[in-house]
Protein chains: 2
Amino acid sequence: MITLHTLGTGSGKPTPERGVSCTALFRHGEVILFDCGEGTQVQLTRSTLRPGPIKLVCITHFHGDHINGLPGLLGTLQLNQRTEPLTVIGPRGLVTYIRALQKVGALGVGYRLDLIEVEEPGVVYAEPGFTITADRLKHRIVCWGYRLSEPDRPGRFDVARAQALSIPSGPLYGRLQRGEAVQLPDGREVRPEEVLGPSRRGLSVAYCLDTQPCEGTLRLAEGVDLLVHEGTYGPEERKLAHARGHSTMLDAAEMARDAGARELVITHVSPKIMRPEVYLKEVQGTFAPSAIAKDFDSFELKYVE
Amino acid sequence: MITLHTLGTGSGKPTPERGVSCTALFRHGEVILFDCGEGTQVQLTRSTLRPGPIKLVCITHFHGDHINGLPGLLGTLQLNQRTEPLTVIGPRGLVTYIRALQKVGALGVGYRLDLIEVEEPGVVYAEPGFTITADRLKHRIVCWGYRLSEPDRPGRFDVARAQALSIPSGPLYGRLQRGEAVQLPDGREVRPEEVLGPSRRGLSVAYCLDTQPCEGTLRLAEGVDLLVHEGTYGPEERKLAHARGHSTMLDAAEMARDAGARELVITHVSPKIMRPEVYLKEVQGTFAPSAIAKDFDSFELKYVE
């Protein structure tokens, strides 16, 4: 299961009502942050999440409302006596940025900081449980969207089939479930596909801000379980939005529909929009499973059987 | 009149209850900020102050809880279409820091940014209404305390004396009040000291954090109207406090007493201290006009007649 927490859903400048960009994925006891605007660490303390288990931070671009909370978060993890390494992924310049902060003394961390600068579209991080893919977005400066994808999981274990094959219950069941072939006490070999149903799709989440509608988003969001997309402006301001490298909420819905996403969460809402919910009907008319996020909303992604 | 607003009174990491270091002076329609921890711009929007009239930002040192809010504040002033220049004073490294942020694109400002790196103790900023003096504090890294001092004002105008000298009321009164000598219609010359009382002291505020008790603070706080001093720890933790380059609340009170300050505001309180008010009696036993600040407290300084 993955839970998505919108910790900062505003754009440009933080307000008491909406923090600036940060979205957290909670997955198997670990937190993955997408963007880290000013105030992220306080939003974390206000949320049900805790900063301890942060594993990875993915920064889309260097506009202040997406990065200014990073130094403070990293410093607080140090005050919290973190010892585990932390990986930060971001655009070229990330190393320069971190080193400059360290040079003047604004950032002192004792734990290992693994910095990954995205150079080209593709997989930028991989571990057995998931991969992170980056693709180019279309904004005023270099900006990367991200997709977290879990690998497919083995199919459901068919107990009746296993019993019919006279496989003794116990550890052999577990090894077959994990996809291993096993040898039975009587010498026969059983392959996992003999007792497992069709493999089951892992979950995936795409995070695409800041951007106007673009091919990179379409690729990242293809068939995704949840697309987090910016909707800085209301539908009537499409021209202005695109001129500034942003999207309207309707753009986000069209993108979710065209990419075959299962659900859409719209974030990065302009602080000038006092009542974003007035746009929801029009947005849902284009893509029904759409939500416009507020700070501290959470969205649960469940495995499809 | 000067009003002091404590916008962030915590230390180390911000919490929902206490932001990290920022204190604002409101003086003749302008705001002067001392330190700019993460979240300062949101604290400003929550306060009765507005970010528009910020004239000057004085940064004591580069620990994150004193500077991490600066990039976001500067960016928001740009979004607010600021055109007036802004002066930022801070330790050596300030220019490197700002330029690094600009280089990666994390800080884009169109208004003029005047950066002043403090090199040695003394006056670091002066204008007709006030001066800013810096002095060395004693912390783990280079750290400057600041004092804002207004010049003395001319004495009170003595109307009875003016009438006795047969000075016609009107513009001549004003010129004498401003300290100019004037010639009367009958040819006599009147010097301002003939009609003005003794000159009146301008107001002064010293801002001393982060530091353990030191000579620099003693100099900055000498006879000051209001001393803002850190009190990271409770009185029982003096040894620990000094080992870390910090002060206890009692240190702050002793410093205010020894320097002959008129009032003391204690800030930079450790987030581990849940009820700082338990220390107030002991602190006030040493220096009676002491307060332990909370976020959004304000303190009014009035001219002494």
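Rules used in this analysis
- Residues numbered from 1 in each chain as written.
- Chains lettered and ligands numbered in written order.
- Predicted model: local features only at pLDDT ≥ 70, side-chain atom pairs only at ≥ 80, totals over all residues.
- Heavy atoms only, no water.
- Pairing = 2+ DSSP bridges.
- Helix = DSSP H or I, 4+ residues; strand = E, 2+ residues; numbered from the N terminus.
- Axes fitted to C-alpha atoms, helices over the stretch in contact; angles between N-to-C directions.
- Contact = heavy atoms within 4.5 Å.
- Buried area = accessible area lost by both parts, 1.4 Å probe.
- Polar contact = N/O pair within 3.5 Å; in protein donor to acceptor, adjacent residues only side chain to side chain.
- Nonpolar A, V, L, I, M, F, W, Y, C, P; charged D, E, K, R; others polar.
- Least-squares fit on C-alpha atoms with pLDDT ≥ 70 in both.
- Parallel < 35°, antiparallel > 145°, perpendicular 65-115°, else oblique.
- Left-handed = near helix turned anticlockwise from the far one by under 90°.
- Domains from an automatic or database assignment.
- Phe/Tyr/Trp six-rings, centres within 6.5 Å; stacked < 30°, edge-to-face > 60°.
- Buried < 20%, exposed > 50% of the residue type's maximum accessible area, 1.4 Å probe, protein only.
- Lys NZ or Arg CZ within 6 Å of the ring centre and 35° of its normal.
- Disulfide = S-S within 2.5 Å.
- Lys, Arg positive; Asp, Glu negative; His and termini not counted.
- Salt bridge = Lys/Arg side-chain N within 4 Å of Asp/Glu carboxyl O.

**A closer look at the sheet that holds strand β6 (residues 113-118) of chain A**
Sheets are built from strands that pair by backbone hydrogen bonding, the pairs being arranged parallel or antiparallel.
Residues and elements named next belong to chain A.
Consideration 1: What the 7 strands build is an open sheet, ordered β6-β5-β4-β3-β2-β1-β16; its pairing is mixed. Of all the strands in the sheet, just β6 and β16 (297-301) have a single pairing partner and so form its edges. Across the sheet, the mean angle separating the axes of adjacent strands is 20° when strand polarity is ignored.
Consideration 2: Taken together, the 5 bridges between strand β2 (residues 22-27) and strand β3 (residues 30-34) define a ladder with antiparallel strand orientation. In the sheet register, Thr-23 faces β3, and the bridge partner there is Phe-34.
Consideration 3: Packing against the sheet, helix α4 (residues 94-104) makes contact with β5 (86-91) and β6, and its axis sits at approximately 145° to β6.

**Concerning the interface of chain B and chain A**
Consideration 1: On the chain A side, the residues contacting the 33 residues of chain B number 33 residues.
Consideration 2: For the pair chain B and chain A, the summed buried area comes to about 2,400 Å², and 60% of that belongs to carbon and sulfur atoms.
Consideration 3: Linking chain B to chain A there are 8 residue pairs in polar contact (both at pLDDT 80 or more).
Consideration 4: Listing elements by their share of the side of chain B that touches chain A, those giving two or more residues are α1 (40-46), α2 (64-67), α3 (70-79) and α4 (94-104) of chain B.
Consideration 5: Examining the composition of the side of chain B that touches chain A, we find that 6 residues originate from one element, α4 of chain B, more than from any other.
Consideration 6: For the side of chain B that touches chain A, a count of residues per class yields 12 nonpolar, 17 polar and 4 charged.

**Concerning the relation of the copies chain B and chain A**
Consideration 1: Note on the copies: chain B fits chain A at an RMSD of 0.2 Å, the axial shift is 0.0 Å, and the rotation between them is 179°. Both chain copies can therefore be described as sitting about a two-fold axis.

**A short note on the packing of α3 of chain B against α4 of chain B**
Residue and element names in this part refer to chain B.
Consideration 1: Where α3 meets α4, the axes come as close as 12 Å, and the angle between the chain directions of the two elements is 60°. What the angle tells us is that α3 and α4 run oblique. For the pair α3 and α4, the crossing hand works out as right-handed. Between α3, through Leu-70, Pro-71 and Leu-74, and α4, the contact on the second element is made entirely by Tyr-97, Ile-98 and Leu-101.
Consideration 2: Here the residues of the contact of α3 with α4 sort into 6 nonpolar, no polar and no charged.

**Focus: the domain arrangement of chain A**
Consideration 1: If you check the domain split of chain A, you get domain 1 (2-153 + 200-301) and domain 2 (159-194).
Consideration 2: Once you take the C-alpha centre of each, domain 1 of chain A and domain 2 of chain A turn out to be 43 Å apart.

**Comments concerning unusual backbone geometry**
All names here are of chain A.
Consideration 1: In this structure, Asp-210 follows Leu-209 across a cis peptide bond, with omega equal to -10°.
Consideration 2: Along the chain, Asp-210 falls in the loop between β12 (204-208) and α7 (215-220).
Consideration 3: Positive phi, close to 65°, is recorded for Asp-35, a residue that is not glycine.
Consideration 4: Tracing the sequence through the fold places Asp-35 in the loop between β3 and α1 (40-46).

**Some words on the packing of aromatic side chains**
Consideration 1: Taken as a whole and judged by the stated rule, the model has 10 aromatic pairs over all chains.
Consideration 2: Ring centres of Phe-157 of chain A and Tyr-173 of chain A lie 4.7 Å apart, and the angle between their planes is 40°; on these two criteria the pair is classed as tilted. Remark: Tyr-173 of chain A occurs in helix α6 (residues 171-177) and Phe-157 of chain A occurs in the loop between β9 (144-149) and α5 (159-164); sequence separation between them is 16 residues. As far as the burial class goes, Phe-157 of chain A and Tyr-173 of chain A line up, both buried.
Consideration 3: By the ring-pair criterion, three or more aromatic residues cluster together here, those being Phe-34, Tyr-146 and Tyr-207 of chain A.
Consideration 4: The ring of Tyr-111 of chain B carries Arg-82 of chain B above its face, with NZ or CZ at 5.7 Å from the centroid.
Consideration 5: The cationic tip of Arg-153 of chain B hangs over the ring face of Tyr-303 of chain B; the distance from NZ or CZ to the ring centre is 4.1 Å.

**Points about the sheet that holds strand β1 (residues 2-8) of chain B**
Residues and elements named next belong to chain B.
Consideration 1: The strand order across the open sheet built from 7 strands is β6-β5-β4-β3-β2-β1-β16, with neighbouring strands paired in mixed fashion. Edge positions in the open sheet fall to β6 (113-118) and β16 (297-301), since each of these has one partner strand only. Ignoring which end each strand starts from, the neighbouring axes of this sheet average 20° apart.
Consideration 2: With 6 bridges joining them, β1 and strand β2 (residues 22-27) adopt antiparallel strand pairing. When the sheet's bridge partners are listed, Thr-3 is paired in β2 with Phe-26.
Consideration 3: Running at roughly 170° to strand β5 (residues 86-91), α3 makes contact with β3 (30-34), β4 (54-58), β5 and β6 of the sheet.
Consideration 4: Contacts from α4 reach β5 and β6, with the element oriented near 145° to β6.

**Quick look at the state of the cysteines**
Residue and element names in this part refer to chain B.
Consideration 1: Taken as a whole and assessed by the stated rule, the structure comprises 0 disulfides over all chains.
Consideration 2: Cysteine Cys-36 shares no disulfide, and the gap to the nearest cysteine sulfur, in Cys-22, comes to 5.6 Å.
Consideration 3: Residue Cys-36 is classed as buried on the basis of its relative accessible area of 0%.
Consideration 4: Looking at the unpaired Cys-143, the closest cysteine sulfur is the one in Cys-214, lying at 8.7 Å.
Consideration 5: For Cys-143, a relative accessible area of 3% puts it in the buried group.

**Here's the deal with the side chain of Asp-210 of chain A**
All names here are of chain A.
Consideration 1: We note that Asp-210 is buried and unpaired, the nearest opposite charge coming from Arg-140 at a distance of 6.4 Å.
Consideration 2: In this structure the side chain of Asp-210 is engaged in a polar contact, spanning 3.3 Å, whose partner is the side chain of His-61.
Consideration 3: Polar side-chain contacts of Asp-210 include one of 3.0 Å to the side chain of His-66.

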